[in-house]
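Observations on chain architecture
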Amino acid sequence: MDLTFLFSNPLINVSIISWAAAQVIKTAIESIKHGQFDRHRLAGAGGMPSSHSAVTCSVLLTSYYLYGFNSPIFALSFVLALIVMYDATGVRWAAGLHARAINHVVEYLEKAEGAQDPQALRQLIPKLNESLGHRIREVICGAGLGFVIAILGHLLRQGGR
């Protein structure tokens, strides 16, 4: 069975490579920062660099190389990249701040004198993921990573011709 078709779409290829590279870099940074490896970080949201930005920007630049500036695919990639990066620094960042606040309130209620059943409270409201969005520098670094991977992919495709 010939599975080469799985690697025949450059837009999918750069997006997967960009996502994987960003997640590995993010996990390495977190491991160095906290002194321990957390395998769950390999698929986690938030952190440096933004894998969402890396994916959308690699697809954006690759679509430019393949189809040109005036193509509908490039236009769609451009709009999608803007939406994803705006969302990462806006809505998702705010959601992470809300999660942090809720976690603090629940911890306070668990430790409060006369707390009725702290375990029941934690079962009702499990610890929320606070790392959802990105700072602007994380989005910029993710975008840069995506552009670098798209350029490398383009150079490899040019060399293969």
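This one's a predicted model, so the numbers in the text were calculated from it and none came from an experiment.

Our focus in this paragraph is helix α6 (residues 136-159). Between its terminal C-alpha atoms α6 stretches 35 Å, which fits the 34 Å expected from 24 residues at 1.5 Å a residue. Of the positions making up α6, those classed as buried are Glu138, Val139, Gly142, Ala143, Leu145, Gly146, Ile149, Ala150, Gly153, His154 and Arg157. On its buried face, α6 sits against α1 (10-34), α2 (51-67) and α3 (72-89).

Evaluation of the coordinates by the stated rule reveals four aromatic pairs. When the ring of Phe69 is compared with that of Phe74, the centres are 5.2 Å apart and the planes differ by 45 degrees; the resulting orientation is tilted. A residue is classified by how much of its surface remains accessible, and Phe69, at 57% relative accessible area, is exposed. A connected cluster of aromatic rings, assembled from ring pairs, spans Tyr64, Tyr65, Phe69, Phe74 and Phe78.

Here α3 contains 18 residues, and its C-alpha end-to-end distance of 26 Å stays within 8% of the 26 Å for a straight helix at 1.5 Å per residue. Every buried residue belonging to α3 is among Phe74, Ser77, Ala81, Val84, Met85 and Ala88, and all of these are buried. The arc that holds every buried residue of α3, seen down its axis, measures 95 degrees, which confines them to one face. Exposed residues on α3 whose side chains face more than 90 degrees from its buried face are Pro72, Leu76, Ile83 and Tyr86.

What follows is about a nonpolar patch on the surface. A contiguous nonpolar patch, built from Met1, Leu3, Phe5, Leu6 and Phe7 and spanning about 660 Å² of accessible area, is present on the exposed surface. When you line up the elements, Met1 lands in the segment before α1. Judged by its relative accessible area of 92%, Met1 is exposed.

The rules behind these values
Residues numbered from 1 in each chain as written. Predicted model: local features only at pLDDT ≥ 70, side-chain atom pairs only at ≥ 80, totals over all residues. Heavy atoms only, no water. Helix = DSSP H or I, 4+ residues; strand = E, 2+ residues; numbered from the N terminus. Expected span 1.5 Å × (residues − 1). Buried < 20%, exposed > 50% of the residue type's maximum accessible area, 1.4 Å probe, protein only. Contact = heavy atoms within 4.5 Å. Phe/Tyr/Trp six-rings, centres within 6.5 Å; stacked < 30°, edge-to-face > 60°. Arc of directions from axis to C-beta. Patch = residues over 30% accessible without salt bridge, like charges linked within 9 Å, V, L, I, M, F, W, Y side chains within 5 Å. Areas by Shrake-Rupley, 256 points an atom, 1.4 Å probe, with all protein chains shown as cover. Salt bridge = Lys/Arg side-chain N within 4 Å of Asp/Glu carboxyl O.

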